[in-house]
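So you can see what is in the structure, the chains are spelled out below.
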Amino acid sequence: MEKVTLDAYLFFNGNCRDAMEFYQQVFGGELEVKTYGEVDDSSSKAMKDRVMHANLTGGEVNLMASDGMDSDEIGTGKISLALRGSDEKKLSKIFDDLSASGKVGHPLEKQFWGDIYGDFTDKFDVCWMVSISNNA
């Protein structure tokens, strides 16, 4: 049976390009960005420069995102993107880079279950969890 793929798709309210360029700096990879104006000539002046779809691929992670058509379309559920692995140096740098100008909830520290763990909300209000394990 073929395995199902789960991709993270983030919604922003006008700052999608800035967020995705920031994530590209942290994770590397190729970033493709299409605005509403590039895809639909009839898009309103307010929407023409907003991101219809952005795709970051080929780096440490794959992310997709867009600016919501309307703030009411952006979901109200809260999720965290979880990064995990065993490369402490790499994941510590990612934690530091992503959390810069954000708010750290728990700094990276060894936990009672044995992993090094920390979490934060980045400057774009996206929640992240980082877990570093010898068993990843």
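A brief structural summary. Given the structure is predicted, the values throughout are model-derived calculations rather than measurements. (Residues numbered from 1 in each chain as written. Predicted model: local features only at pLDDT ≥ 70, side-chain atom pairs only at ≥ 80, totals over all residues. Heavy atoms only, no water.)

Re unusual backbone geometry
Not every positive phi belongs to a glycine, and Ser101 is a case in point at roughly 65°. Backbone geometry places Asp125, a non-glycine residue, at a positive phi of 70°. Checked against the element boundaries, Asp125 lands in the loop between strand 7 (116-121) and strand 8 (127-132). Taking relative accessible area as the criterion, Asp125 reaches 52% and is therefore assigned exposed. (Helix = DSSP H or I, 4+ residues; strand = E, 2+ residues; numbered from the N terminus. Buried < 20%, exposed > 50% of the residue type's maximum accessible area, 1.4 Å probe, protein only.)

Brief notes about the sheet that holds strand 5 (residues 80-85)
In space, the four strands of this open sheet follow the order 5-8-7-6, with mixed pairing throughout. Edge strands, defined here as strands with exactly one partner in the open sheet, are strand 5 and strand 6 (103-110). Neighbour-to-neighbour, the strand axes of this sheet turn through a mean angle of 10°, independent of strand direction. Direction of pairing for strand 6 relative to strand 7: antiparallel, over a ladder of five bridges. (Pairing = 2+ DSSP bridges. Axes fitted to C-alpha atoms, helices over the stretch in contact; angles between N-to-C directions.)

Considering the pairing of strand 4 (residues 63-67)
In terms of burial, strand 4 is largely enclosed, as four of its five residues are buried. Across five bridges, the pairing between strand 1 (residues 8-12) and strand 4 is parallel. Along strand 4, the bridge assignment pairs Tyr9 with Met64. Summarising the sheet, strand 3 (residues 51-57) and strand 4 pair through three bridges and their orientation is antiparallel. Paired with Asn55 across the two strands is Met64, which belongs to strand 4. Between strand 3 and strand 4, which pair antiparallel in sequence order, lie five residues; one of them, Gly58, sits at a positive phi of approximately 85°.

Some thoughts on the state of the cysteines
The full count for this structure, using the stated rule, is zero disulfides. Cysteine Cys16 is unpaired, with the sulfur of Cys127 as its nearest cysteine sulfur at 17 Å. Cys127 sits in the buried class, given a relative accessible area of 11%. (Disulfide = S-S within 2.5 Å.)

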